[in-house]
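Summary of structural features
Spelled out from the first residue to the last, the chains are:
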Amino acid sequence: MKLRRYVLAALALLASVPAQAAGDTVALTFDDLPIMTLLHAQSYADYTNKILLRGLRRHHLPAIGFVNEGKFDDLERAAQIDILRQWLDAGMNLGNHTFSHESPNKLLADGYIRDIARGEQVTRPMLAARHRDLRWFRHPYLETGMPLATKLKINNWLAAHGYRIAPVTMENSDWLFSEPYDDAIARHDKARIRRIKASYLAYTAKIVPWYQRAGHQLLGRDMSFVMLLHDTRLNADCIDDLAALFKKNRLRPVTLEKAMSDPAYRIVDPYVGADGIEWLERWSQQLHKELPWDSFMDPPAEIDAEYTRIDHDR
Ligand SMILES: [Zn+2]
């Protein structure tokens, strides 16, 4: 039976191929829509999203934006809501990031759940009008609730309302660079704009491969990453460089849905605590395996200092 032999040979070949043989992939997630910025100008928010979305499309980068509906009234409500529409028009997805970007450690389970429900009043109907579901939830600060009863109550509510938690398995502290960057733009300080951008890209170029090494060390194979970024002018201005960086590191861009089909995302998240830690660290606890912390790099001290100074001056 020649055919049977071929079938068996083909099956053996398939079995020898690891589940994620195609290399690492990455899903881009942008938090704090309609914008995360120091500057209170609708034109700045509109322009930032315009060039960010244009860049994402130019590089065929699928993305999801996580919305804080509480930010609508920070600027012009109708224009802020229109930014969400532009994300959908550009082929991107939207998720819920709570109404007010508060911590479950502060609001406690019931208050936090109310804040999630309040955070979908505009986003859910907007998706429904396009025959789409609101499926994804991202915890602000990656704080998932404590003690365990609080975490479980929140998780159960999310599941009962059709949400899936969007974990974070790659990040580059972009929020830390973005405030000094906004400040430099406000002051028209071109040298400082260039310096911060270069510093951000240099740090990202170092930290992205660290997450790839950490993921490989943990799972012993290629994996699908979910990267946390924020809806900022810095990312809008850096999107060409970020796309090139993903290519250089052989990170193929995919949707969040696709990335989350990696079986790694079925690993239990055992962490219960006040800190917002990302998911490789949670999995390392569950799997009792170390991450390569010795080679982890913090963002540059001068950026940290600039961030602290700006925060102080406000
Ligand atoms: Zn956030």
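An unreviewed UniProt entry annotates the chain as Chitooligosaccharide deacetylase of Sphingomonas paeninsulae. The chain has a UniProt comment under Function (unreviewed entry) that states "Is involved in generating a small heat-stable compound (Nod), an acylated oligomer of N-acetylglucosamine, that stimulates mitosis in various plant protoplasts." UniProt lists a comment for the chain under the heading Sequence similarities (unreviewed entry), and it reads "Belongs to the polysaccharide deacetylase family."

With that out of the way, let us pick up the overall build of the chain. Scanning the chain from N- to C-terminus turns up 12 helices and 8 strands. Relative to the compact-globule value of 20 Å for 314 residues, the chain shows a C-alpha radius of gyration of 20 Å, a close match. For the C-alpha atoms alone, the extent of the chain along its principal axes is close to 75 × 45 × 40 Å. Taking all contacts inside the chain whose residues are at least 6 apart in sequence as the whole, residues at least 24 apart take part in 84%.

With their axes 10 Å apart at the nearest point, helix 2 (residues 42–58) and helix 3 (residues 77–89) run at an angle of 5° to one another. Taken together, helix 2 and helix 3 sit at an angle that is classed as roughly parallel. Contacts between helix 2 and helix 3 involve Gln42, Ala45, Asp46, Asn49, Leu52, Leu53, Leu56 and Arg57 from the first element and Ala79, Gln80, Ile83, Gln86, Trp87 and Asp89 from the second. Here the contact of helix 2 with helix 3 is built from residues that sort into 7 nonpolar, 4 polar and 3 charged.

The next point concerns the coordination of the zinc ion. For the zinc ion, every protein donor is listed as Asp32 (OD), His97 (NE2) and His101 (NE2), and the spread of their distances is 2.0 to 2.1 Å. In primary-sequence terms, the residues that donate to the zinc ion follow D-x64-H-x3-H. For the residue pair histidine 97 and histidine 101, the accessibility class agrees, reading buried in each case.

In this section: the packing of aromatic side chains. Following the criterion strictly, the structure yields 12 aromatic pairs and no others. Ring geometry for tryptophan 175 versus tyrosine 307: centroids 5.5 Å apart, planes at 80°, classification edge-to-face. Of this pair, tryptophan 175 sits in helix 7 (residues 174–186) while tyrosine 307 sits in helix 12 (residues 301–313), and the two are 132 residues apart along the sequence. With relative accessibility at 33%, the residue tryptophan 175 sits in the partly exposed group. What links up through ring pairs into an aromatic cluster is the set Tyr112, Phe137, Trp157 and Tyr163. The side chain of arginine 135 reaches across the aromatic face of tryptophan 136, ending 5.3 Å from its centre.

For the pair helix 8 (residues 190–219) and helix 11 (residues 279–287), interaxial distance at closest approach is 11 Å and the crossing angle is 20°. It follows that helix 8 is roughly parallel to helix 11 by the angle criterion. Crossing handedness for the pair helix 8 and helix 11: left-handed. Contacts between helix 8 and helix 11 pair Tyr211, Ala214, Gly215, Leu218 and Leu219 from the former with Leu280, Trp283, Ser284 and Leu287 from the latter. Taken together, the residues that form the contact of helix 8 with helix 11 break down as 7 nonpolar, 2 polar and no charged.

Leu28, Leu56 and Trp87 are the most contacted members of the largest nonpolar core, which totals 91 residues. For this core, the element with the highest residue contribution is helix 8, accounting for 12 residues. For leucine 56, the contacting residues outside a window of four places in its chain are Leu28, Phe30, Leu61, Ala63, Trp87, Met92 and Ile239.

If you walk through the whole model with that rule in mind, you get 16 salt bridges. Ionic pairing is found between aspartate 110 and lysine 153, a salt bridge with its closest N-O pair at 2.8 Å. With a gap of 43 residues between them, aspartate 110 in helix 4 (residues 104–118) and lysine 153 in helix 6 (residues 148–160) connect regions that are remote in the sequence. Looking at lysine 153, the relative accessible area reads 39%, which means it is partly exposed.

For strand 7 (residues 224–230), the tally of buried residues reaches 7 of 7 residues, placing the bulk of the element in the interior. Here strand 1 (residues 25–33) runs beside strand 7; their pairing, made up of 7 bridges, is parallel. The residue bridging phenylalanine 30 from the neighbouring strand is leucine 229, located in strand 7. The sheet contact formed by strand 6 (residues 170–171) and strand 7 spans 2 bridges and is parallel. Bridged to methionine 170 within strand 7 is methionine 227.

Turning our attention to unusual backbone geometry. Each neighbour pair has its own omega, and for leucine 33 with proline 34 the value is 5°, a cis peptide bond. Following the sequence through the fold, proline 34 ends up in the loop between strand 1 and helix 2. Here the residue pair methionine 146 and proline 147 is connected by a cis peptide bond, since its omega of -5° sits within 30 degrees of zero. One non-glycine residue, histidine 101, adopts positive backbone phi at about 60°. Take histidine 101: it is sitting in the loop between strand 3 (93–96) and helix 4. Using a relative accessible area of 16% as the deciding quantity, one classes histidine 101 as buried.

The rules we used
- Residues numbered from 1 in each chain as written.
- Predicted model: local features only at pLDDT ≥ 70, side-chain atom pairs only at ≥ 80, totals over all residues.
- Heavy atoms only, no water.
- UniProt positions renumbered as here; feature names shortened; annotations may be inferred.
- Helix = DSSP H or I, 4+ residues; strand = E, 2+ residues; numbered from the N terminus.
- Rg over C-alpha atoms; globule rule 2.2 N^0.38 Å.
- Contact = heavy atoms within 4.5 Å.
- Axes fitted to C-alpha atoms, helices over the stretch in contact; angles between N-to-C directions.
- Parallel < 35°, antiparallel > 145°, perpendicular 65-115°, else oblique.
- Nonpolar A, V, L, I, M, F, W, Y, C, P; charged D, E, K, R; others polar.
- Donors = N, O, S within 2.8 Å, 3.2 Å for Na, K, Ca; no water.
- Buried < 20%, exposed > 50% of the residue type's maximum accessible area, 1.4 Å probe, protein only.
- Phe/Tyr/Trp six-rings, centres within 6.5 Å; stacked < 30°, edge-to-face > 60°.
- Lys NZ or Arg CZ within 6 Å of the ring centre and 35° of its normal.
- Left-handed = near helix turned anticlockwise from the far one by under 90°.
- Core = buried A, V, L, I, M, F, W, Y, C linked by side-chain atoms within 4.5 Å.
- Salt bridge = Lys/Arg side-chain N within 4 Å of Asp/Glu carboxyl O.
- Pairing = 2+ DSSP bridges.

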